[in-house]
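Results of the structural survey
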Amino acid sequence: MAINLQKGQRESIDAPKFTIGLGWDTNSSTTGTAFDLDASIFMLDDQKKLVSDQNLIFYNNLVSPDGSVAHTGDNLTGDGDGDDEQIKIDLTKIDPKVNEICVVVTIHDAEARKQNFGQVRNSFVRIFDASSNEVILKYELEEDFSIETAVEFGRIYKREGKWKFEAVGMGMKGGLQDYLNKYQ
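What this report covers is the structure whose coordinates are included nearby. If you're wondering where the values come from, they're calculated on a predicted model, not measured in any experiment. (Residues numbered from 1 in each chain as written. Predicted model: local features only at pLDDT ≥ 70, side-chain atom pairs only at ≥ 80, totals over all residues. Heavy atoms only, no water.)

1. Re the overall build of the chain
Helices and strands together make up the secondary structure of the chain, namely two helices and 12 strands. The N-to-C order of helical and strand elements in the chain reads β-β-β-β-β-β-β-β-α-β-β-β-β-α. Computed over C-alpha atoms, the radius of gyration of the chain comes to 15 Å, within 12% of the 16 Å expected from 2.2 N^0.38 for 184 residues, which places it in the range of a compact globule. A principal-axis box enclosing the C-alpha atoms of the chain has dimensions of 45 × 35 × 25 Å. (Helix = DSSP H or I, 4+ residues; strand = E, 2+ residues; numbered from the N terminus. Rg over C-alpha atoms; globule rule 2.2 N^0.38 Å.)

See the structure below:
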């Protein structure tokens, strides 16, 4: 049975292989322009810095160098129910230098399109076991991010040899480059 997390809550991930599913609904009628939200993964070392440029997994770099993280591809519209984008994680392959995996969603070209997360609703991140498809945990973002154009949904981190998920829900006014600046 899935555990529904609240902001700041942490929970162990006991599956060595799992999928991160991210979903959202947008209100394109407010801007007249379609939304394009993008999921990204930052694979960080113990200093909270990107292990290498290739450890930023996003629509232009779908697989990590060690093969432990694979983005299934960019969903340009977010239409439909369920997960809009997915990232597959295999902890058995992860580079030992990686201590944290940050899960970030940004709005592509948000400034030019006059879009923000206040126009996005029903946002969630869920983690499910790759072998059984059983949902391990889910975090639904409830805040109204009225000026933010990027949100860190959660982070997966290693403590004492065990991997855990923290529901973060932290917004930022900026985009992918701003997160890259933060983690380089």
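That was the structure; now back to the text.
2. Observations concerning the sheet that holds strand 6 (residues 69–71)
Backbone-to-backbone hydrogen bonds pair the strands of a sheet. The strands run either parallel or antiparallel. Read from one edge of the open sheet, six strands run 1-10-9-3-7-6, paired in mixed fashion. Because the sheet does not close on itself, it has two edges, and the strands there are strand 1 (3–5) and strand 6. Mean inter-strand twist for the sheet, computed between neighbouring axes without regard to direction, equals 15 degrees. Bridge count for strand 9 (residues 120–129) against strand 10 (residues 135–140) is five bridges, and the pairing is antiparallel. Across the sheet, Arg126 pairs through a bridge with Lys138, a residue of strand 10. (Pairing = 2+ DSSP bridges. Axes fitted to C-alpha atoms, helices over the stretch in contact; angles between N-to-C directions.)

3. Examining the sheet that holds strand 4 (residues 37–44)
In spatial order, the strands read 2-12-11-8-4-5; together these six strands make up an open sheet with antiparallel pairing. Unpaired on one side and paired on the other, strand 2 (10–12) and strand 5 (56–57) mark the two borders of the sheet. In this structure, strand 4 lies alongside strand 5, joined through two bridges in antiparallel fashion. Looking at strand 5, one finds that Phe42 is bridged to Leu56. Relative to the sheet, helix 2 (residues 176–183) contacts strand 4, strand 5, strand 8 (100–107), strand 11 (150–159) and strand 12 (162–172), its axis offset from that of strand 4 by approximately 10 degrees. (Contact = heavy atoms within 4.5 Å.)

4. Brief notes about the side chain of Arg155
Looking at where Arg155 falls in the secondary structure, it is placed in strand 11. Polar contacts involving the side chain of Arg155 include one to the side chain of Glu100, which spans 3.1 Å. A polar side-chain atom of Arg155 sits 2.6 Å from a polar atom in the side chain of Glu166. Setting aside its immediate chain neighbours within four residues, Arg155 contacts Arg10, Lys48, Glu100, Ile101, Cys102, Lys164, Phe165, Glu166 and Val168. (Polar contact = N/O pair within 3.5 Å; in protein donor to acceptor, adjacent residues only side chain to side chain.)

5. Thoughts on the environment of Phe145
Relative to the helices and strands, Phe145 is located in the loop between strand 10 and strand 11. Residue classification places Phe145 among the buried positions, given a relative accessible area of 7%. With 27 residues separating them along the chain, Phe145 and Gly118 place their C-alpha atoms 4.7 Å apart. Residue contacts for Phe145: discarding those within four places in its chain leaves Asn116, Phe117, Gly118, Val151, Gly169, Met170 and Gly171. (Buried < 20%, exposed > 50% of the residue type's maximum accessible area, 1.4 Å probe, protein only.)

6. Overview of the packing of aromatic side chains
Applying the stated criterion across every chain, the model contains four aromatic pairs. With 6.1 Å between their ring centres and 40 degrees between their planes, Phe42 and Tyr179 make a pair best called tilted. Note that Phe42 is positioned in strand 4 and Tyr179 in helix 2, a separation of 137 residues in sequence. With respect to class, Phe42 is no different from Tyr179; both count as buried. Ring centres 6.4 Å apart and planes at 25 degrees place the aromatic pair Tyr179 and Tyr183 in the stacked group. Note that Tyr179 and Tyr183 are positioned in helix 2 at a spacing of four residues, about one turn of the helix. Of the two residues, Tyr179 and Tyr183, both sit in the buried class. Put simply, the rings of Phe42, Tyr179 and Tyr183 touch in pairs and so form one group of aromatic residues. Above the ring of Tyr157, the side-chain terminus of Arg155 is found at 4.2 Å from the ring centroid. (Phe/Tyr/Trp six-rings, centres within 6.5 Å; stacked < 30°, edge-to-face > 60°. Lys NZ or Arg CZ within 6 Å of the ring centre and 35° of its normal.)

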